[in-house]
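Given next are the chains, with one letter for each unit.
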Amino acid sequence: GDSVTQMEGPVTLSEEAFLTINCTYTATGYPSLFWYVQYPGEGLQLLLKATKADDKGSNKGFEATYRKETTSFHLEKGSVQVSDSAVYFCALSEYTGRRALTFGSGTRLQVQP
Amino acid sequence: EAGVTQSPTHLIKTRGQQATLRCSPISGHTSVYWYQQALGLGLQFLLWYDEGEERNRGNFPPRFSGRQFPNYSSELNVNALELEDSALYLCASNDREYQETQYFGPGTRLLVL
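Residues numbered from 1 in each chain as written. Chains lettered and ligands numbered in written order. Predicted model: local features only at pLDDT ≥ 70, side-chain atom pairs only at ≥ 80, totals over all residues. Heavy atoms only, no water.

## Notes on the overall build of chain B
Stated precisely, the cut-off is as follows: The helix count covers DSSP runs of H or I at least four residues long, the strand count covers runs of E at least two residues long, and both are numbered beginning at the N terminus. Within these notes, the globule rule equals 2.2 Å times the number of residues to the 0.38 power, and the radius of gyration is based on C-alpha atoms. Between two residues, a contact is recorded if the distance between any of their heavy atoms is within 4.5 Å. Each accessible area is a Shrake-Rupley result for a 1.4 Å probe, and residues are judged covered by the shown protein chains and nothing else. Counted as positive: Lys and Arg. Counted as negative: Asp and Glu, with His and the chain ends omitted from the count. Charge coordinates come from a single atom per side chain, which is NZ of Lys, CZ of Arg, CG of Asp or CD of Glu.
Assigned secondary structure in chain B consists of zero helices and 11 strands. Reading the secondary structure of chain B in the N-to-C direction produces β-β-β-β-β-β-β-β-β-β-β. Its C-alpha radius of gyration of 13 Å places chain B within 12% of the 13 Å reference for a compact globule of 113 residues. In terms of overall dimensions, chain B has a C-alpha envelope of 40 × 25 × 25 Å along the principal axes. The contacts of chain B with a sequence gap of at least 6 include a subset with a gap of at least 24, amounting to 53%. In the structure as shown, chain B presents an accessible area of about 5500 Å², 49% of it carried by carbon and sulfur atoms. Separation between the mean location of the 9 positive side-chain charges and that of the 12 negative ones in chain B comes to 10 Å.

## As for a nonpolar patch on the surface
Residues and elements named next belong to chain B. Applicable threshold: Patch building starts from residues that exceed 30% relative accessible area and form no salt bridge, then joins like charges within 9 Å and nonpolar side chains (Val, Leu, Ile, Met, Phe, Trp, Tyr) within 5 Å. When a carboxyl oxygen of Asp or Glu lies within 4 Å of a side-chain nitrogen of Lys or Arg, that pair is called a salt bridge. Only protein chains enter the accessibility calculation, which uses a 1.4 Å probe; a residue whose area is less than 20% of its type maximum is buried, one above 50% is exposed, and one in between is partly exposed.
Together, Ile12, Leu111 and Leu113 make up an exposed nonpolar region whose accessible area comes to about 300 Å². With respect to the helices and strands, leucine 111 occurs in strand 11 (residues 108-112). Using a relative accessible area of 39% as the deciding quantity, one classes leucine 111 as partly exposed.

## Considering the interface of chain A and chain B
The accessible area lost on association of the parts is a frequent measure of interface size. Note the following rule: The term buried area refers to how much accessible surface (probe radius 1.4 Å) is lost by two components on association, counted for both of them together. Any N or O atom pair separated by 3.5 Å or less is treated as a polar contact, with the protein-specific requirement of one donor-capable and one acceptor-capable atom, and with residues adjacent in sequence counted only for side-chain atom pairs. Polar here means any residue outside two lists: the nonpolar Ala, Val, Leu, Ile, Met, Phe, Trp, Tyr, Cys and Pro, and the charged Asp, Glu, Lys and Arg; Gly therefore counts as polar.
Between chain A and chain B, the contact holds 19 residues from the first and 20 residues from the second. Here chain A and chain B share an interface that buries about 1700 Å² over both sides, 53% of which is from carbon and sulfur atoms. Counting the contacts that link chain A with chain B gives zero salt bridges. For the interface between chain A and chain B, the tally reads four residue pairs in polar contact (both at pLDDT 80 or more). Counting residues per element, the side of chain A that touches chain B draws most heavily on strand 5 (residues 32-38) of chain A, at four residues. A class-by-class count of the residues in the side of chain A that touches chain B yields nine nonpolar, six polar and four charged.

## Thoughts on unusual backbone geometry
Between Gly9(A) and Pro10(A) the backbone carries a cis peptide bond, its omega angle lying at -5 degrees. Summarising the element assignment, Pro10(A) is placed in the loop between strand 1 (3-6) and strand 2 (11-14). The omega torsion of the bond from Ser7(B) to Pro8(B) falls at -10 degrees, within 30 degrees of zero and hence cis. You can see Pro8(B) is positioned in the loop between strand 1 (5-7) and strand 2 (10-13). You will see that Glu16(A), though not glycine, has its phi angle at about 80 degrees, which is positive. Examined against the element boundaries, Glu16(A) turns out to sit in the loop between strand 2 and strand 3 (19-21).

## So, the nonpolar core
All names here are of chain A. Selection criterion: By nonpolar core we mean a set of buried residues, namely Ala, Val, Leu, Ile, Met, Phe, Trp, Tyr and Cys, connected to one another through side-chain atoms within 4.5 Å.
Of all hydrophobic cores here, the largest spans 26 residues; its most connected members are Leu19, Trp35, Leu48, Phe73, Leu75 and Tyr88. For this core, the elements supplying multiple residues, two or more each, are strand 2, strand 3, strand 4 (23-26), strand 5, strand 6 (44-50), strand 8 (62-65), strand 10 (86-93) and strand 12 (107-112). Counting residues per element, this core draws most heavily on strand 10, which supplies four residues. Discounting residues that sit within four places of it in the chain, leucine 48 has contacts with Leu33, Phe34, Trp35, Gly57, Ser58, Asn59, Phe62, Glu63, Ala64, Phe73 and Leu75.

## With respect to the sheet that holds strand 1 of chain B
Residue and element names in this part refer to chain B. Selection criterion: Only strands that DSSP links by at least two bridges are regarded as paired with each other. Axes here refer to lines fitted to C-alpha atoms; in helices the fit is confined to the stretch in contact. Angles between the N-to-C directions go from 0 to 180 degrees.
Spatial ordering of the open sheet is given by 1-3-8-7, a layout of four strands whose pairing is antiparallel. Taken across any chain shown, the strands that pair with only one partner, and hence form the sheet edges, are strand 1 and strand 7 (64-68). Each neighbouring strand pair of the sheet contributes to a mean axis angle of 20 degrees, computed without reference to strand direction. Bridge analysis of strand 3 (residues 19-24) against strand 8 (residues 74-78) gives five bridges, and the strand direction is antiparallel. When the bridges of strand 8 are listed, cysteine 23 appears paired with serine 74.

Structure (structure tokens):
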């Protein structure tokens with residue numbers, strides 16, 4: 001079945017540091033890939049997505065590239081802010097069949113001033 | 001445009017009772033998805049409703065059930081509550097025909113005592 005593996009957290013960075021959160025996936029078909037963010041006490045917000053190989057999703061300074069050859073979708077940001085502190089979830093969806101999102105375990109990011 | 005709404009925000013029940021959670025999708029969305037976010041277990045897919053029908057369910061016992069109404073809002077019912085049902089229950093919606101991205105509500109936090 002489909003699965004998503006994320007790096008373990010928490011990740012603690014100083015403000016303006018470079019961020020990478022690794023995500024790899026296993027899927028039977030050609031999934032779409034997503035990054036969602038969850039701020040304390042809130043639901044999930046879509047951060048970015050990519051629907052096919054070599055697509056790059058970007059939003060609010062975050063980027064991720066769909067790499068089919070390495071089955072990866074790593075999240076990056078050049079300069080993090082305290083306000084980026086949250087839990088980040090990598091997820092995939094197959095457009096046919098099940099339709100459910102399969103999530104990674106989440107990575108907590110803490111940014112210190 | 002209003003986002004996905006869920007009610008109540010918090011719910012406290014005792015073992016053996018029933019819980020009913022409600023979700024209103026974004027206007028124009030016909031699909032509703034339910035997920036459970038339990039501590040230490042990550043985000044697990046529960047149910048998918050579309051056009052009033054249950055289309056798929058995750059690996060949960062039958063005491064987790066629900067329905068979708070003609071206005072596309074949805075209810076999740078959990079019968080015979082157990083302590084391990086304590087979790088954040090998230091609802092998401094999309095337009096099945098045109099979208100893969102699921103948009104999430106703020107969640108209902110269920111505590112079973």
